[in-house]
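# Commentary on secondary and tertiary structure
Here is how the chains run, residue by residue.
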Amino acid sequence: MADDLVINDNLTIPDGELEITASRSSGPGGQHVNKTDTRIQVRWNVRESPVLSDYQRRLLMKNLSPRVTEAGDLLIASDSHRSQKRNRDDALQRLAALLREALIPPKPRKKTRPSRAAKEKRLQEKKQRSQVKQKRGKVQDSD
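In this report, we go over the structure that sits alongside the text.

Thresholds, definitions, all that
- Each residue is numbered by its place in its chain's sequence as written, counting from 1.
- Where totals are concerned, whole chains, interfaces and linings use all residues; where local detail is concerned, this predicted model gives features only for residues with pLDDT of at least 70, and gives and counts side-chain atom pairs only at 80 or more.
- Calculation of side-chain values draws on the structure's entire complement of heavy atoms; hydrogens and water are dropped beforehand.
- Labels follow the DSSP assignment, with helices taken as runs of H or I lasting at least four residues and strands as runs of E lasting at least two, numbered in each case from the N terminus.
- A helix's residues, less one, multiplied by 1.5 Å, set its expected span.
- With a 1.4 Å probe rolled over the protein chains alone, any residue whose accessible area is under 20% of its type maximum counts as buried; one over 50% counts as exposed, and the rest are partly exposed.
- Two N or O atoms form a polar contact when they lie within 3.5 Å of each other; inside protein one atom must be a possible hydrogen donor and the other a possible acceptor, and for residues adjacent in sequence the pair counts only when both atoms belong to side chains.
- Basic side-chain nitrogens of Lys or Arg form a salt bridge, by our definition, when they fall within 4 Å of a carboxyl oxygen of Asp or Glu.

When the terminal C-alpha atoms of helix α3 (residues 84-102) are compared, their 27 Å separation across 19 residues agrees well with the 27 Å that a helix rising 1.5 Å per residue should span. Listing the buried residues of α3 in full gives Asn-87, Asp-90, Ala-91, Leu-92, Leu-95, Ala-96, Leu-99 and Ala-102. Measuring from the backbone nitrogen of Lys-85 back to the side-chain oxygen at the start of α3 gives 3.2 Å, which picks out Ser-83 as the cap.

This is the structure we're talking about:
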C-alpha cells in the first residue's frame, strides 16, 4: 500500500502491477556509468490492469496509443540521474503525470454556424475576386 502509485482520487496503481527493471545507462559519465545499473524502466500493462474501469482503459488506450506496445504495455524510462533511486522516483512521477493528463476526458464539440454578416462578407469577397480575375482578360486591339 505504501509503494502504490497514486494517480488521482479515483485511480491508484498497486505496486505489484508495475514491473521495474534496472539497466546500464548509456552516454558519457566515466567509470560510474559503466559499472552501475542506474537506468530505470517502468512497465505497466494498460490492457490487463484490473484497477481501470472500461472507460478509463478506452481513454488511456486512445490517448496513449503511440506509447503503448502491441501487448498493451506502457513503458517509461529514466536515466537522467546518477542514482537508481532518483531515476526510479523520476520514472514513477512521469508515469503518474502522463496518466493524469491522458485521463482528462475530451471537451465536447459545440456546433457553430457562421453569422449572416460573415456569410455576406464571404460572398462579397468572392464577387470582388471574380471581378479582378475577369479584368485580367486579353487586351482588345483597337486598330
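Turning our eyes to something else, we now look at the pattern of salt bridges. Counted under the stated rule, the structure contains 3 salt bridges. Taking the shortest distance from any N to any O, the salt bridge between Arg-43 and Asp-73 comes out at 2.9 Å. Of this pair, Arg-43 sits in strand β4 (residues 39-45) while Asp-73 sits in strand β5 (residues 73-78), placing them 30 residues apart in sequence. Judged by its relative accessible area of 26%, Arg-43 is partly exposed. Note on Asp-73: relative accessible area 11%, which makes it buried. For Asp-89, the salt bridge is made with Lys-85, and the minimal N-O distance between the two is 3.1 Å. Of the two residues, Asp-89 and Lys-85 are both situated in helix α3; the distance of 4 residues between them amounts to about one turn of the helix. The exposure class of Asp-89 is partly exposed, given its relative accessible area of 29%.

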